[in-house]
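# A look at the structure
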Amino acid sequence: MQIDFTGRNVLVTGGTRGIGRGIVEAFLEAGARVAVNGSSRESTDKALGELAAGDQAVDAPGSVARSADCRAIVEAAAAALGGLDVVVNNAGVYEGFKTEETDDEAWDKVIDTNLKGVFFVTKYAVPHLRKSKGNIVNLSSVNAMVGLSAGAPYGASKAGVISLTRNHSIEFAPDIRVNAVCPGAIDSDMLRYLAVSKWGSVEAGYKVLGQGAAAMKRVGETREIAGPVLYLASDLASFVTGSIHVVDGGEVVD
Ligand SMILES: NC(=O)c1ccc[n+]([C@@H]2O[C@H](COP(=O)([O-])OP(=O)(O)OC[C@H]3O[C@@H](n4cnc5c(N)ncnc54)[C@H](OP(=O)(O)O)[C@@H]3O)[C@@H](O)[C@H]2O)c1
């Protein structure tokens, strides 16, 4: 069954590449109009050119790590689309430093992008979503629940996203539903960086990471996260809020 988003307006942060790009493409296929956010005008324009979706896709560039940009991203999206029905807080960064190598700058980059960004995009989106009785889907990670040998700030930021999801689902009820998806290992620039930095090559890393998905024994694809995100954002999930959806090929059940 195809979920129909015709007439719905969606903002996807970090929609230029990877999982966010897969989510943008799925919403476009389902008939939504989509505001695509990337960290810069260049990356956002490049993605919009590649999407070639005409006025079905609009740009909302800016860094979610800065609260002033979060406001500008939301207002640009709402103005261009004529309102907001769904916000997907997807933008994120991973730094593979061990704790003893982590400085203030690395800590701030991860926490400001992954946690503060979700908070401030949400803050500015709430008035629009109250009007539309819309909803929010946040991208957390299995690393909110499972440790990594390097990158503790990343895991902490993603655990924080689960907390924001639970708090906001109560705070904004019953007007706005808020849910989270926790991906396991999904093919993207971020995962390739992790594979190379830890195991020396994408191929070697994906072999290990694929085995980590104990049930499916492979790395996932971006469209396999987009499906659950569209379900949560749709009316099929009208009684689903404050929930945390693990989509990891069986990693955390091992
Ligand atoms: N891939 C995985 O295995 C995996 C697993 C669990 C969770 N996740 C989460 O899923 C989300 C997407 O990850 P991914 O793997 O698709 O990452 P990715 O391939 O590295 O793409 C990251 C996206 O976030 C954007 N971004 C980065 N910093 C930003 C900022 N300050 N402001 C606005 N946008 C920014 C990038 O935009 P630019 O093009 O402008 O740089 C890009 O669109 C993240 O929240 C990540 O933590 C991923």
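All values reported here derive from a predicted model rather than from experimental measurement.

## Some words on unusual backbone geometry
Here the bond from alanine 173 into proline 174 is cis, since omega is 0 degrees, no more than 30 degrees from zero. Here proline 174 is to be found in the loop between helix H5 (152-171) and strand S6 (177-183). Phi is positive for lysine 217, which is not a glycine, with a value near 60 degrees. Residue placement: lysine 217 occurs in the loop between helix H7 (202-212) and helix H8 (223-233).

## Concerning the pattern of salt bridges
Inspection of the entire model under this criterion finds 15 salt bridges. Here glutamate 50 and arginine 21 are joined by a salt bridge, their closest N and O atoms 2.9 Å apart. Separated by 29 residues along the polypeptide, glutamate 50 in helix H2 (residues 41-51) and arginine 21 in helix H1 (residues 18-29) bring together distant segments of the chain. With a closest N to O distance of 3.8 Å, lysine 133 and aspartate 175 form a salt bridge.

Definitions and limits used
- Residues numbered from 1 in each chain as written.
- Predicted model: local features only at pLDDT ≥ 70, side-chain atom pairs only at ≥ 80, totals over all residues.
- Heavy atoms only, no water.
- Helix = DSSP H or I, 4+ residues; strand = E, 2+ residues; numbered from the N terminus.
- Salt bridge = Lys/Arg side-chain N within 4 Å of Asp/Glu carboxyl O.

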